[in-house]
Amino acid sequence: AVSGGARIALIDVDGLLVNAEVNRTLQQVDNPVALFREKIQTASRDPGVCAYVVRINSPGGGVVASDLMFHELEKLRVESGRPVVTYVMDMGTGGGYYLATAGDVIFAHPNAITGGIGVIFNYFNLSDTMGQHGAYHRPIVAGENITMGSYTDELSEENYQWLQEMADEFHDRFKQIVYRRRPTVDQDQESIVDGRVFAAGQAQRWNLIDHGGYLEDAIATAAEM
C-alpha cells in the first residue's frame, strides 16, 4: 500500500513463456500466456491500484508467447496510464527480457542474468538413433518442403537458408522492440543484441536495464511514479 490507501499490484511471471498448457504440479495445468492475461485483467479492474510491478523469473520461451505477453503488458501500461515497473529476479533472458522492456522502468536483482536478445530454432536429426532401435520413419507427404526441419530428415542447404531467414526476421523484430523501448541502447553496438547474456551490472552499463536493486526498490520506485 502507498499513501491515500492506494496499492501497488505485484504480478509474477515464472518459467518458460509458452502459449500452451504446462504441467507445474500433478494437480494443476497452466497456460503461461492465459495465466498472465488473467493476472493483468484482474489487476487492471482494481480501482485502488495506482501502479504495477511485474516480477520476472524466466529464461524466455516461444516467440509468439513472448510477444503476446509483451503486448498485454504494453496495453495495460498505455490504457491504464499507470506506471509499470518490471523486475528481473534470477533470470530474465530472451523472451523474459522481451517482456521486461514493456515496463517504464526495468530493475534487476544485483546477481540477475538478463539480455539474450536472440532467436534459436532447435533442429535435431534422430534418424540414426531411431535406426539403432529398429524404428524407421516413412511419411506420406504432399508438398515438397512440408517436412522441412523434420527430426528424421537431413536439412538441405536451401531449407537451412529458409529457416535462417525466418530466425533473422524474428531477431530483427526483437531488436526493434528493444530499440523502441530502450532508446538509450547503442544501436551501433551489435554485441548488445547478438544473443549474449549479461549480469545486472553489465546490463545497466549497456542501458538494457535502469537499476540494479531489490524488489522493495522496484516497488518504492513504482510508488514514487
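Source: prediction; values computed, not measured. (Residues numbered from 1 in each chain as written. Predicted model: local features only at pLDDT ≥ 70, side-chain atom pairs only at ≥ 80, totals over all residues. Heavy atoms only, no water.)

**Student:** How would you explain the overall build of the protein if you had to name every residue and give the values?
**Tutor:** A count of helices and strands for the protein gives seven helices and nine strands. Per-residue burial for the protein yields a buried fraction of 38% across its 225 residues. Taking all contacts inside the protein whose residues are at least 6 apart in sequence as the whole, residues at least 24 apart take part in 70%. For the protein, the accessible area works out to roughly 12,700 Å², and carbon and sulfur atoms hold 50% of it. (Helix = DSSP H or I, 4+ residues; strand = E, 2+ residues; numbered from the N terminus. Buried < 20%, exposed > 50% of the residue type's maximum accessible area, 1.4 Å probe, protein only. Contact = heavy atoms within 4.5 Å. Areas by Shrake-Rupley, 256 points an atom, 1.4 Å probe, with all protein chains shown as cover.)

**Student:** Lay out the side chain of Thr-114 in plain terms, naming residues and giving numbers.
**Tutor:** Considering the arrangement of structural elements, one finds Thr-114 in strand S7 (residues 113–115). Of the polar contacts made by the side chain of Thr-114, one reaches the backbone oxygen of Gly-92; its length is 2.7 Å. Setting aside residues up to four positions removed in sequence, Thr-114 forms contacts with Val-88, Gly-92, Thr-93, Tyr-97, Val-197, Phe-198, Ala-203 and Ile-209. (Polar contact = N/O pair within 3.5 Å; in protein donor to acceptor, adjacent residues only side chain to side chain.)

**Student:** Outline the packing of aromatic side chains, listing residues and values.
**Tutor:** Per the stated rule, a full pass over the model turns up two aromatic pairs. The interplanar angle of 90° and the centroid separation of 5.3 Å between the aromatic rings of Phe-70 and Tyr-98 together place this pair among those described as edge-to-face. Of the two residues, Phe-70 is situated in helix H2 (residues 63–80) and Tyr-98 in helix H3 (residues 95–100); the sequence distance between them amounts to 28 residues. For the residue pair Phe-70 and Tyr-98, the accessibility class agrees, reading buried in each case. Note on Tyr-98 and Phe-174: the rings are 4.9 Å apart at their centroids and 45° apart in plane angle, and the pair reads as tilted. With a gap of 76 residues between them, Tyr-98 in helix H3 and Phe-174 in helix H5 (residues 157–181) connect regions that are remote in the sequence. Here the two residues Tyr-98 and Phe-174 agree in accessibility, since each one is buried. Grouped by ring-pair contacts, the aromatic residues Phe-70, Tyr-98 and Phe-174 constitute a single cluster. (Phe/Tyr/Trp six-rings, centres within 6.5 Å; stacked < 30°, edge-to-face > 60°.)

Purely geometric numbers; function is a separate question.
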